[in-house]
Amino acid sequence: MYGIVRKEKLAPNVKLFDVSAPAVAAKSRPGQFVILRVHERGERFPITIADADPEKGTVAIIFAEVGKSSKQLGRLDEGDAILNFSGPLGNATKIERYGDVLCVGGGVMAGALLYQVKALRKAGNKITTIIGARSKEHLILLDELRENSDELHVATDDGSEGFEGLEFLSDILESKRFAHVITIGPTSMQMAVSEMTRPYGTPTTVNLFPIMVDGTGMCGACRVSVGEETKFACVHGPDFDGHRVNFEELISRMRFYNPNEKIAMVLFDGR
Ligand SMILES: Cc1cc2nc3c(=O)[nH]c(=O)nc-3n(C[C@H](O)[C@H](O)[C@H](O)COP(=O)(O)OP(=O)(O)OC[C@H]3O[C@@H](n4cnc5c(N)ncnc54)[C@H](O)[C@@H]3O)c2cc1C
Ligand code: FES
């Protein structure tokens, strides 16, 4: 069992947990994820690692309560425990000294972005960060991102804080030549960022969230088309070249179980 040593509410439906998992914490790197199961009847689902403290033996996860499993997780409290917490899974984000790096994150993935930003800055890069969310109340970790970036821009879908929408990214890309772009957040946002950097030929790393089941390359659930190849995001990714990902196919596959997810939520009795 993996004890929850800290629980914090970061936004209306977003929670942060520090989970005691020394073996996972010892090996975690930005871009990797865990697959967890709340209890013996729960489903396995992936969450990206938002930070790790090898000395304390804790791993931070930040998640949105969107359906049955994430709501079950969100109902746990400090002192409770998670049944399974497997990881770190997937490949870590490639951290190199690129030069000027643009980091674009959205919503609940701000924590995972911060983990990447800290590592990129430590490697000697100059970081411009863009963080976005649906609205002001859904923006999280702004102070921490500002502290760890050379420049920070904020955007919301409804314009309640910072820029409205992502169009302003064109001006940023026009004004500065970046050596590398990384993006993590809603798939539609990662697709938009990749399309906007394509004309500039700026290498763009995306971190994908297809449906995952085993997380070890066995089930095929997480397959994505990258260029002419079929890749399994859990073992070949989750980071890929955003200019080569077939996003339309990915988004359609991510929606495949929506009817079943709605039924599961209707039948959810709170346990
Ligand atoms: C590598 C990876 C990292 C992720 N990291 C985070 C994170 O840091 N924070 C966070 O809030 N969410 C993250 N997710 C998404 C998270 O796994 C889903 O929100 C969760 O599984 C939803 O389950 P549910 O039963 O609560 O909702 P459901 O109603 O079952 O599903 C809601 C939506 O979540 C997605 N989803 C459902 N089941 C899975 C699954 N087994 N694998 C992947 N996606 C699924 C689908 O897009 C679905 O439409 C990540 C997904 C992947 C693949
Ligand atoms: S989750 Fe099964 S192959 Fe990737």
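Residues numbered from 1 in each chain as written. Chains lettered and ligands numbered in written order. Predicted model: local features only at pLDDT ≥ 70, side-chain atom pairs only at ≥ 80, totals over all residues. Heavy atoms only, no water.

**Q** Sorry if this is basic, but what is going on with the overall build of the protein chain here?
**A** Secondary structure summary: the protein chain contains 9 helices and 16 strands in total. Taking 18 Å as the expected radius of gyration for a compact globule of 271 residues, we find that the protein chain reaches 18 Å, a close match to that expectation. Structurally, the protein chain occupies a C-alpha span of about 50 × 40 × 35 Å along its principal axes. Taking the contacts inside the protein chain whose residues are at least 6 apart along the sequence as the reference set, 64% of them involve residues at least 24 apart. Summing over all exposed atoms, the protein chain offers an accessible surface of approximately 13,000 Å²; the carbon and sulfur share of this is 50%. Side-chain charges of the protein chain comprise 32 positive and 36 negative groups, with the mean position of each set lying 4 Å from the other. (Helix = DSSP H or I, 4+ residues; strand = E, 2+ residues; numbered from the N terminus. Rg over C-alpha atoms; globule rule 2.2 N^0.38 Å. Contact = heavy atoms within 4.5 Å. Areas by Shrake-Rupley, 256 points an atom, 1.4 Å probe, with all protein chains shown as cover. Lys, Arg positive; Asp, Glu negative; His and termini not counted. Charge placed at Lys NZ, Arg CZ, Asp CG, Glu CD.)

**Q** What should I look at first to understand the domain arrangement of the protein chain in this one?
**A** Interface size is commonly expressed as the accessible area that is lost once the parts come together. Parsing the protein chain into structural domains produces domain 1 (2-89) and domain 2 (100-254). Distance between the C-alpha centres of domain 1 and domain 2: 21 Å. Across the boundary between the two partners, domain 1 contributes 22 residues, which contact 22 residues of domain 2. Carbon and sulfur atoms make up 66% of the surface buried where domain 1 meets domain 2, a total of about 1,700 Å² over both sides. Between the two partners, domain 1 and domain 2, sit 1 salt bridge. Applying the counting rule to domain 1 against domain 2 returns 5 residue pairs in polar contact (both at pLDDT 80 or more). (Domains from an automatic or database assignment. Buried area = accessible area lost by both parts, 1.4 Å probe. Salt bridge = Lys/Arg side-chain N within 4 Å of Asp/Glu carboxyl O. Polar contact = N/O pair within 3.5 Å; in protein donor to acceptor, adjacent residues only side chain to side chain.)

**Q** So what exactly am I meant to see when it comes to the site of ligand 1 here?
**A** Around ligand 1, 25 residues are found, and the nearest of them are Pro46, Ala64, Ser69, Ser70 and Met212. Residue Glu43 places a side-chain N or O atom 3.1 Å away from an oxygen atom belonging to ligand 1. Within the backbone of Ala64, a nitrogen or oxygen atom sits 2.8 Å from an oxygen atom of ligand 1. Burial of ligand 1 by the surrounding chains reaches 87%, relative to a free accessible area of 850 Å². For the shell around ligand 1, the elements supplying multiple residues, two or more each, are strand E4 (45-53), strand E5 (58-64), helix H2 (68-74) and helix H9 (258-267). For the shell around ligand 1, the element with the most residues is E4, which contributes 4 residues. Here the shell around ligand 1 is composed, by residue class, of 16 nonpolar, 5 polar and 4 charged. Two domains each put at least three residues into the shell around ligand 1: domain 1 (2-89) and domain 2 (100-254). (Near = heavy atom within 4 Å. Nonpolar A, V, L, I, M, F, W, Y, C, P; charged D, E, K, R; others polar.)

**Q** Teacher, can you tell me more about unusual backbone geometry here?
**A** Note on backbone geometry: most residues besides glycine have negative phi, and most peptide bonds are trans. Each neighbour pair has its own omega, and for Gly87 with Pro88 the value is -5 degrees, a cis peptide bond. Within the secondary structure layout, Pro88 lies in strand E7 (residues 84-89). A cis geometry characterises the amide bond from Gly237 onward to Pro238, with omega recorded as 5 degrees. Within the secondary structure, Pro238 sits in the loop between helix H7 (233-236) and strand E16 (239-241). Of note, Leu141 is a non-glycine position whose phi angle comes to about 60 degrees, a positive value. Position of Leu141 relative to the elements: it lies in the loop between strand E9 (126-133) and helix H4 (142-147). A relative accessible area of 15% places Leu141 in the buried class. (Buried < 20%, exposed > 50% of the residue type's maximum accessible area, 1.4 Å probe, protein only.)

**Q** Help me out: how do you make sense of the environment of Gly57 in this one?
**A** Structurally, Gly57 is set in the loop between E4 and E5. Distance from Gly57 to Ala26, taken between C-alpha atoms, is 7.0 Å for residues 31 residues apart in sequence. Setting aside chain neighbours within four positions, we find Gly57 in contact with Val19, Ser20, Ala21, Pro22 and Ala25.

**Q** How should helix H8 (residues 247-254) be read in this particular structure?
**A** Structurally, the α-helix is built with 3.6 residues per turn, so residues lying three or four positions apart point the same way. The complete set of buried residues in H8 reads Phe247, Leu250 and Ile251. All buried residues of H8 fall inside an arc of 95 degrees around its axis, so they share one side. If you follow the buried residues of H8, they end up packed against helix H6 (187-197), strand E13 (204-207) and strand E14 (223-226). Two or three places before Glu248, at the opening of H8, Asn246 has a side-chain oxygen 3.4 Å from that residue's backbone nitrogen. (Arc of directions from axis to C-beta.)

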